[in-house]
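Structural description and commentary
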Amino acid sequence: MDYLIISVIVSLILCVFISFRCVIKAQKSSACSKPSTEYTSIHNMIEAIPSAVILTDKLGCIQHTNNAAVTLLGYNKEILRTMTVEHLIPPGIRKHHVGLRKKYEEDKSPPRYMSENARVVALTSSGIELPIEISLGKIRSSGTEYTMAVLVDITQRLVHEESIRKLAYSDPLTGLPNRLFVTEKAKQLYLNSTNKNQPFAVFLIDVDHFKNVNDTYGHATGDYVLKRVAVLLGQVLLGREGFAARLSGDEFVIVFHDCNPDHIIQLANDLYKTFETPIPINDQDFYINITTGIGVSPEGGASLSRVLHMADTALYEAKKDGRNRYKIHTPDMTEKMLEKSSTEEALRYFINTGDFEIKYQPIIDTASNTVSTAEALFRGNEKFPSLSLVGLFTLAEELGLMSYFGEVISKKVVDDIKPLIHKHPDFVIAINVSFSELDQDSYVKTIHTITNEAGIPPDNIMLELTESVLVTNFIASSFKMKTLQRIGFKQAIDDFGMGYSSMSYLNRLPVDKIKIDKEFIDFIEDDKTYEIVKGITTIAHGLGLQVCAEGVETESQLERVIQLDIDQVQGFVYSPAITMADLMDMIDD
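Thresholds, definitions, all that
Residues numbered from 1 in each chain as written. Predicted model: local features only at pLDDT ≥ 70, side-chain atom pairs only at ≥ 80, totals over all residues. Heavy atoms only, no water. Helix = DSSP H or I, 4+ residues; strand = E, 2+ residues; numbered from the N terminus. Buried < 20%, exposed > 50% of the residue type's maximum accessible area, 1.4 Å probe, protein only. Contact = heavy atoms within 4.5 Å. Salt bridge = Lys/Arg side-chain N within 4 Å of Asp/Glu carboxyl O. Core = buried A, V, L, I, M, F, W, Y, C linked by side-chain atoms within 4.5 Å. Axes fitted to C-alpha atoms, helices over the stretch in contact; angles between N-to-C directions. Parallel < 35°, antiparallel > 145°, perpendicular 65-115°, else oblique. Pairing = 2+ DSSP bridges.

1. Observations regarding the side chain of Ser-410
Of note, Ser-410 is situated in helix 14 (residues 402-416). For Ser-410, a relative accessible area of 3% translates into the label buried. Residues contacting Ser-410, with those up to four places away along its chain left out, are Ile-431, Ile-447 and Ile-450.

Below is the structure:
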């Protein structure tokens, strides 16, 4: 809503400037023009603006304000007219502001209606430092030049942005930083290890047999175990430089800064000693066992992704040796490479042959309780029964093959859905799009050609993009998304809330829907998580977007989702991914 209000205000201000210039022009052409009448006119127009407005001369002396400025700043108009604009700036930054104001006043370019918005801090009469957004414009009246400043209080917007930032960088269950936070830290770790010769260590930690905890004691107990792991990791860090994070599921990481490689074994022993004390579950002592892979940045430095890879390889070795132990990465650990080689073989087979299966998970409209959308999901084939789908797509990105793989998948999908669209012309199929696909210059043409050749109208396709697609290259991505919208494709933001969830992106992009990540739905019965999902839903609806809840698995989760007026539901509570034939039967039923 902030953006809508600001747009209305800016439009009104433009009208004031245009009207004011017209007043000046008309009065200059009249032999009876009076400056006082002109000045009264601009005063009246300024008073009509709902935002705070301040009119200053070249020296920064305040000449006029409106009632909204009085309300915002706490001074009456008479006092404000005795002040310079610097009096409204906190003392610590006044000198800097004077320089900026003089630079602006000395600008000899033609007068502008309004400048770009900037964020500054204003000092109120009660001494409160107030965050505001300011727009400046130059105007002339009877040969005198004035600066017109429009001020908007952005306190609440900053609160919302901070909430979204915390949502983006922290794990809602444990309160630890999440994977995105770790990624953000990568650059500094690399610079410290290379330029300052400060090696760092990565401890990649898995909770042993965590699935058995959920299956035996229930998910609530599983959540309790994960929270306890987070607390124990915090204890290990006491007195040491570094951070712990939850990467996903039962996978955690500790990164030790400026870590002497000779101390690694002591750190590992301290870690396992911390986990020796049991926790009570159902009046029984329960021991949390962990398996850890350790990577240490080599002499000369290394990227975080490289050291994480080393730790992951070591973790694989530790699991293979029986779990509940740690392994430090050594150069001779080659098993990970063998697995990678097998995955690459499968990837190239799928791209070259198109021999794989697509299944479709129904998406239910909560208002009508009908299926109007389904998400196409890659499911491999029997030739590679132990293939990790996550590993497959990760490797495709790593090898630069994702655009080819995505094209093959899209062709398979549109061929599959021909009978469905013929029978149900309003049905929509969602196709996942990765960053590397959208990043290709030819992507828009490629997907349009695929649908055209199959005879599928673009408005039967919804392209699902993750938040990373938007953050990585926003300008290029937004241009392509707008082109896709003009063609007729629908677009959604997938896994919303687990990356850089910027509402400003939603406001500036042609998005039709957001899909709230399963991680939030898993914990929606928790009141805090419920309120987070409620906030996301309210803002999305305010922007005219549909909201879909992903990964709804239980009736209690479904009940909470319906309470929030979420538009669509996807998950096992209704149906797993099914074949096209089963999907058509489900729709007909």
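2. Digging into the pattern of salt bridges
Tallied over the entire structure, the rule returns 24 salt bridges. The partner of Asp-206 in a salt bridge is Lys-319, and the shortest N-O contact between them spans 2.4 Å. Of the two residues, Asp-206 is situated in strand 6 (residues 201-207) and Lys-319 in helix 11 (residues 304-320); the sequence distance between them amounts to 113 residues. One salt bridge in this structure joins Lys-320 and Glu-317, with 3.6 Å as the shortest N-O distance. Of this pair, Lys-320 and Glu-317 both sit in helix 11, three residues apart, which is roughly one turn of the helix.

3. Brief notes about the nonpolar core
Note on soluble globular proteins: their nonpolar side chains tend to be buried together. If you look at the biggest cluster of nonpolar residues, it comprises 75 residues, and the most contacted ones within it are Tyr-360, Phe-405 and Ile-429. Top contributing element to this core by residue count: helix 14, with six residues. Counting 35 residues, the second-largest nonpolar core is a separate cluster that includes Leu-232, Ile-264, Tyr-272 and Ile-290.

4. Focus on the packing of helix 8 (residues 210-217) against helix 9 (residues 219-237)
The N-to-C vectors of helix 8 and helix 9 enclose an angle of 140°; their axes lie 7 Å apart at closest approach. The angle between the axes of helix 8 and helix 9 places the two elements in the oblique class. Residues Phe-210, Val-213, Asn-214 and Tyr-217 of helix 8 touch helix 9, and the partners they reach there are His-219, Thr-221, Gly-222, Val-225 and Leu-226.

5. Considerations on the sheet that holds strand 8 (residues 251-256)
Either a parallel or an antiparallel arrangement is found when strands of a sheet pair, and the pairing is made through backbone hydrogen bonds. Pairing in this open sheet of five strands is mixed, and the strands run 7-8-6-11-12 from one edge to the other. Two strands in the sheet have a free side with no partner beyond their single neighbour: strand 7 (242-248) and strand 12 (326-328). Across the sheet, the axes of successive neighbouring strands diverge by a mean angle of 20°, strand direction being ignored. Pairing of strand 6 with strand 11 (residues 290-296), which is carried by seven bridges, proceeds in the antiparallel orientation.

6. Describing the environment of Ile-532
Along the polypeptide, Ile-532 turns up in helix 22 (residues 527-542). In the structure, Ile-532 is positioned 368 residues away from Ile-164 in sequence and 9.4 Å away in space, judged by C-alpha atoms. Residues in contact with Ile-532, not counting those within four places in the same chain, are Leu-167 and Phe-520.

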